[in-house]
Amino acid sequence: FINLALPLFAFTAPLPAEEIDGLDGSSHTIWDRIVVKESKKNNAKGGMTMKQLIRKVVSKSNTSEEKEIAVSNISWGEYMLYANFLHEDDDTLLNTPVQQLLVEAISSGDIEDEDFDSSDGEDSSSPKELNESQLAEIDALKRRSFANLSVLVEDTETGEEAELAPIRLQWWKEQ
(Lines give C-alpha, C1' and ligand atoms only; values in the text may rest on other atoms or scores of the structure.)
Protein backbone atom coordinates (compact mmCIF):
# COMPACT_ATOMS: atom_id res chain seq x y z
CA PHE A 1 0.00 0.00 0.00
CA ILE A 2 1.03 3.61 -0.39
CA ASN A 3 0.42 6.22 2.28
CA LEU A 4 0.20 9.62 0.57
CA ALA A 5 0.48 11.49 3.88
CA LEU A 6 3.88 9.99 4.67
CA PRO A 7 6.79 9.14 2.43
CA LEU A 8 6.12 5.43 2.99
CA PHE A 9 5.93 2.59 0.51
CA ALA A 10 5.20 -0.79 2.04
CA PHE A 11 4.97 -4.08 0.20
CA THR A 12 2.81 -6.73 1.82
CA ALA A 13 1.46 -10.07 0.80
CA PRO A 14 -2.15 -10.90 1.56
CA LEU A 15 -2.78 -13.34 4.39
CA PRO A 16 -4.62 -16.55 3.63
CA ALA A 17 -8.37 -16.39 4.25
CA GLU A 18 -9.57 -17.70 7.61
CA GLU A 19 -10.91 -21.24 7.36
CA ILE A 20 -14.31 -22.12 8.79
CA ASP A 21 -14.75 -25.70 10.00
CA GLY A 22 -17.46 -27.86 8.46
CA LEU A 23 -18.61 -31.44 8.90
CA ASP A 24 -16.16 -34.38 8.68
CA GLY A 25 -13.12 -32.16 9.09
CA SER A 26 -13.89 -30.24 5.91
CA SER A 27 -13.46 -26.48 5.85
CA HIS A 28 -14.20 -23.49 3.67
CA THR A 29 -13.21 -19.83 3.52
CA ILE A 30 -15.29 -16.70 3.09
CA TRP A 31 -14.37 -16.77 -0.60
CA ASP A 32 -15.80 -20.23 -1.27
CA ARG A 33 -19.26 -20.72 -2.78
CA ILE A 34 -21.44 -23.69 -3.61
CA VAL A 35 -23.22 -22.86 -6.85
CA VAL A 36 -26.67 -24.32 -7.52
CA LYS A 37 -28.05 -23.51 -10.96
CA GLU A 38 -31.71 -23.55 -11.80
CA SER A 39 -32.44 -25.55 -14.93
CA LYS A 40 -34.45 -24.33 -17.90
CA LYS A 41 -37.02 -27.03 -17.06
CA ASN A 42 -37.39 -25.73 -13.48
CA ASN A 43 -37.71 -22.18 -14.75
CA ALA A 44 -40.52 -23.21 -17.10
CA LYS A 45 -42.38 -24.71 -14.11
CA GLY A 46 -42.14 -21.47 -12.11
CA GLY A 47 -38.69 -21.88 -10.55
CA MET A 48 -36.70 -24.23 -8.35
CA THR A 49 -38.75 -25.29 -5.34
CA MET A 50 -37.44 -25.41 -1.78
CA LYS A 51 -37.55 -29.23 -1.86
CA GLN A 52 -35.38 -29.29 -5.03
CA LEU A 53 -32.96 -26.80 -3.50
CA ILE A 54 -32.60 -28.90 -0.34
CA ARG A 55 -31.88 -32.02 -2.41
CA LYS A 56 -29.22 -30.21 -4.47
CA VAL A 57 -27.59 -28.69 -1.39
CA VAL A 58 -27.41 -32.10 0.31
CA SER A 59 -25.93 -33.76 -2.79
CA LYS A 60 -23.35 -31.00 -3.38
CA SER A 61 -22.28 -30.71 0.25
CA ASN A 62 -22.11 -34.38 1.26
CA THR A 63 -18.39 -34.94 1.85
CA SER A 64 -18.50 -38.68 2.48
CA GLU A 65 -20.82 -41.31 1.07
CA GLU A 66 -21.59 -43.03 4.37
CA LYS A 67 -22.59 -39.84 6.23
CA GLU A 68 -26.17 -38.65 6.07
CA ILE A 69 -26.74 -34.94 6.45
CA ALA A 70 -29.95 -32.95 6.70
CA VAL A 71 -30.51 -29.26 6.11
CA SER A 72 -31.34 -27.59 9.43
CA ASN A 73 -32.19 -24.16 8.11
CA ILE A 74 -31.86 -21.90 5.09
CA SER A 75 -31.74 -18.14 5.42
CA TRP A 76 -31.30 -15.19 3.11
CA GLY A 77 -29.93 -12.14 4.90
CA GLU A 78 -32.19 -11.54 7.89
CA TYR A 79 -34.98 -13.77 6.60
CA MET A 80 -35.24 -17.44 7.59
CA LEU A 81 -36.81 -19.28 4.67
CA TYR A 82 -36.73 -22.85 6.00
CA ALA A 83 -36.17 -24.57 9.34
CA ASN A 84 -36.46 -28.34 9.55
CA PHE A 85 -38.06 -28.21 13.02
CA LEU A 86 -40.84 -25.99 11.64
CA HIS A 87 -41.26 -26.96 7.99
CA GLU A 88 -40.10 -30.56 7.55
CA ASP A 89 -43.56 -31.84 6.55
CA ASP A 90 -44.97 -28.58 5.15
CA ASP A 91 -45.65 -29.55 1.53
CA THR A 92 -46.94 -26.08 0.70
CA LEU A 93 -43.61 -24.47 1.61
CA LEU A 94 -41.48 -27.26 0.16
CA ASN A 95 -43.27 -27.05 -3.21
CA THR A 96 -43.06 -23.23 -3.43
CA PRO A 97 -40.41 -21.71 -5.73
CA VAL A 98 -37.50 -20.20 -3.79
CA GLN A 99 -37.74 -16.86 -5.57
CA GLN A 100 -41.39 -16.58 -4.53
CA LEU A 101 -40.41 -17.40 -0.92
CA LEU A 102 -37.86 -14.56 -1.03
CA VAL A 103 -40.51 -12.10 -2.22
CA GLU A 104 -42.93 -13.33 0.47
CA ALA A 105 -40.23 -12.95 3.14
CA ILE A 106 -39.62 -9.34 2.12
CA SER A 107 -43.38 -8.66 1.94
CA SER A 108 -44.10 -10.11 5.36
CA GLY A 109 -41.48 -7.98 7.12
CA ASP A 110 -42.52 -5.62 9.90
CA ILE A 111 -44.31 -2.62 8.48
CA GLU A 112 -43.66 0.04 11.13
CA ASP A 113 -45.65 -1.77 13.86
CA GLU A 114 -49.05 -0.82 12.44
CA ASP A 115 -50.64 -3.74 14.33
CA PHE A 116 -50.42 -1.78 17.58
CA ASP A 117 -51.77 1.48 16.15
CA SER A 118 -55.27 0.13 15.51
CA SER A 119 -57.45 2.04 17.97
CA ASP A 120 -60.84 1.44 16.35
CA GLY A 121 -60.85 -2.32 17.05
CA GLU A 122 -60.77 -3.39 13.39
CA ASP A 123 -59.15 -6.64 12.35
CA SER A 124 -55.45 -5.96 11.84
CA SER A 125 -54.93 -9.08 9.70
CA SER A 126 -56.10 -7.35 6.52
CA PRO A 127 -53.51 -7.07 3.74
CA LYS A 128 -51.23 -4.07 4.02
CA GLU A 129 -49.44 -2.11 1.37
CA LEU A 130 -45.70 -2.51 1.06
CA ASN A 131 -43.50 0.39 2.04
CA GLU A 132 -40.93 1.94 -0.30
CA SER A 133 -37.96 0.01 1.07
CA GLN A 134 -39.76 -3.32 0.63
CA LEU A 135 -40.74 -2.43 -2.93
CA ALA A 136 -37.14 -1.43 -3.70
CA GLU A 137 -35.82 -4.68 -2.19
CA ILE A 138 -38.26 -6.78 -4.25
CA ASP A 139 -37.33 -4.86 -7.41
CA ALA A 140 -33.61 -5.40 -6.73
CA LEU A 141 -34.23 -9.11 -6.16
CA LYS A 142 -36.09 -9.48 -9.46
CA ARG A 143 -33.28 -7.73 -11.37
CA ARG A 144 -30.65 -10.01 -9.84
CA SER A 145 -29.75 -13.32 -11.44
CA PHE A 146 -28.84 -15.02 -8.16
CA ALA A 147 -29.37 -15.12 -4.41
CA ASN A 148 -26.75 -15.97 -1.78
CA LEU A 149 -28.22 -18.24 0.88
CA SER A 150 -26.82 -19.31 4.25
CA VAL A 151 -27.37 -22.98 4.98
CA LEU A 152 -26.88 -24.86 8.23
CA VAL A 153 -26.61 -28.66 7.95
CA GLU A 154 -26.71 -31.39 10.57
CA ASP A 155 -25.09 -34.81 10.68
CA THR A 156 -28.09 -37.05 11.36
CA GLU A 157 -26.01 -39.62 13.28
CA THR A 158 -24.07 -37.35 15.65
CA GLY A 159 -26.29 -34.27 15.71
CA GLU A 160 -23.27 -32.07 14.87
CA GLU A 161 -24.23 -28.87 13.05
CA ALA A 162 -22.09 -26.82 10.70
CA GLU A 163 -22.58 -23.90 8.36
CA LEU A 164 -21.86 -24.57 4.70
CA ALA A 165 -20.07 -22.21 2.38
CA PRO A 166 -22.63 -19.71 1.06
CA ILE A 167 -24.99 -21.22 -1.51
CA ARG A 168 -25.31 -19.14 -4.67
CA LEU A 169 -28.64 -20.01 -6.27
CA GLN A 170 -28.49 -18.88 -9.90
CA TRP A 171 -31.79 -18.45 -11.70
CA TRP A 172 -32.16 -19.49 -15.31
CA LYS A 173 -31.78 -16.56 -17.69
CA GLU A 174 -32.26 -16.72 -21.46
CA GLN A 175 -29.00 -15.88 -23.22
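Described in the following lines is the structure provided in the data block. Here the structure is a predicted model, which is why all the values come from computation and not from measurement.

## Overview of the nonpolar core
In terms of nonpolar packing, the biggest core is built from 34 residues, with M50, L53, I74 and W76 touching the most fellow members. Residue contributions to this core peak at five residues, all from helix 5 (residues 98–107). Once residues lying within four places of it in the same chain are set aside, the contact partners of I74 are M50, L53, I54, Y79, M80, L81, Y82, L149, S150 and V151.

## Re the pairing of strand 8 (residues 146–155)
The side chains of a regular strand alternate between the sheet's two faces. Only one face of strand 8 is buried: it carries A147, L149, V151, V153 and D155, and the other face, with F146, N148, S150, L152 and E154, is open. Here strand 6 (residues 69–76) runs beside strand 8; their pairing, made up of six bridges, is antiparallel. Of the residues in strand 8, the one forming a bridge with V71 is V153. Where strand 8 meets strand 10 (residues 167–170), four bridges bridge the pair, whose relative direction is antiparallel. Bridge pairing links A147 to L169 in strand 10. Both strand 8 and strand 9 (residues 161–163) contribute to a ladder of three bridges, which runs antiparallel. Bridge pairing links V153 to A162 in strand 9. What sits between the antiparallel neighbours strand 8 and strand 9 is a turn of five residues, in which G159 has the positive phi angle 80 degrees.

## Quick notes on a nonpolar patch on the surface
A surface patch of nonpolar side chains, amounting to about 370 Å² of accessible area, comprises I20, I30 and W31. By the element assignment, W31 lies in the loop between strand 4 (27–29) and strand 5 (34–37).

## Points about the packing of aromatic side chains
Tallied over the full model, the rule gives one aromatic pair. Residues W76 and Y79 carry aromatic rings whose centres are separated by 5.9 Å and whose planes lie at 20 degrees to one another, so their mutual orientation is stacked. In this structure, W76 and Y79 share a single accessibility class: buried. Here the basic side chain of R168 rests over the ring of F146, its NZ or CZ set 3.9 Å away from the ring centre.

## Considering the pairing of strand 7 (residues 79–83)
Summarising burial for strand 7: four of the five residues are buried, a large majority. By the bridge criterion, four bridges tie strand 6 to strand 7 in an arrangement that is antiparallel. The residue bridging I74 from the neighbouring strand is Y82, located in strand 7. Between strand 6 and strand 7, which pair antiparallel and follow one another directly, the connecting turn spans two residues, one of which, G77, has a positive phi of 60 degrees.

## Focus: the layout of surface pockets
A volume near 150 Å³ is recorded for the second largest pocket. Lining the second largest pocket we find 10 residues, and of these K37, Q170, W171, W172 and K173 sit closest to its centre. Residue composition of the lining of the second largest pocket, by class: three nonpolar, three polar and four charged.

## Quick notes on the packing of helix 5 against helix 6 (residues 132–143)
Relative to each other, helix 5 and helix 6 sit at 165 degrees, their axes nearing to 9 Å. Between helix 5 and helix 6, the angle falls in the class roughly antiparallel. Where helix 5 crosses over helix 6, the two elements pack in a sense that is right-handed. Seen from helix 5, the contacting residues are Q99, L102, V103, I106 and S107; seen from helix 6, they are Q134, E137, I138, L141 and K142. Of the residues that constitute the contact of helix 5 with helix 6, the class distribution is five nonpolar, three polar and two charged.

Calculation criteria
Per-chain numbering applies: the sequence of each chain, read as written, is numbered from 1 onward. Where totals are concerned, whole chains, interfaces and linings use all residues; where local detail is concerned, this predicted model gives features only for residues with pLDDT of at least 70, and gives and counts side-chain atom pairs only at 80 or more. Hydrogens and waters are ignored; side-chain quantities use all the structure's heavy atoms. By convention a nonpolar core is built from buried Ala, Val, Leu, Ile, Met, Phe, Trp, Tyr and Cys residues, the set being connected through side-chain atoms within 4.5 Å. Only protein chains enter the area calculation, which uses a 1.4 Å probe; residues under 20% of their type maximum are buried, those over 50% are exposed, and those in between are partly exposed. Numbering of helices and strands runs from the N terminus, with a helix taken as a DSSP run of H or I at least four residues long and a strand as a DSSP run of E at least two residues long. By the convention used here, residues are in contact when the closest approach between their heavy atoms is within 4.5 Å. Strands pair, by our definition, only if DSSP identifies at least two bridges between them. In this analysis, a patch consists of residues with relative accessible area above 30% that form no salt bridge, clustered at 9 Å for like charges and at 5 Å for the nonpolar side chains Val, Leu, Ile, Met, Phe, Trp and Tyr. For accessible areas, the Shrake-Rupley method is used with a probe of radius 1.4 Å. Any residue's cover is judged against the shown protein chains and nothing else. Salt bridges are counted wherever a side-chain nitrogen of Lys or Arg sits within 4 Å of a carboxyl oxygen of Asp or Glu. Note on aromatic pairs: the rings of Phe, Tyr and Trp (six-membered ring only in Trp) are paired at centre separations within 6.5 Å, and the planes decide the class, stacked below 30 degrees, edge-to-face beyond 60, tilted for the rest. Here, a charge over a ring is recorded when the distance from Lys NZ or Arg CZ to the ring centre is within 6 Å and its angle to the ring normal is within 35 degrees. Buriedness of a pocket was judged along seven lines, with at least five required to meet protein on both sides within 12 Å; pockets are open sets of points on a 1 Å grid over the protein atoms alone, cavities are sets where a 1.4 Å probe fits but cannot get out, and lining residues have an atom within 4 Å of a point. Grid points are joined across faces, edges and corners, and a volume is the space filled by probe spheres set on the points. Each residue gets one of three labels, nonpolar for Ala, Val, Leu, Ile, Met, Phe, Trp, Tyr, Cys and Pro, charged for Asp, Glu, Lys and Arg, and polar for the others, Gly among them. With axes taken as lines fitted to C-alpha atoms, and helix axes fitted only over the stretch in contact, angles between N-to-C directions fall between 0 and 180 degrees. For classification purposes, an angle smaller than 35 degrees is called roughly parallel, one larger than 145 roughly antiparallel, one from 65 to 115 roughly perpendicular, and anything else oblique. Crossings are classed by handedness, with left-handed meaning an anticlockwise turn of the near helix from the far one by less than a right angle and right-handed meaning a clockwise turn.

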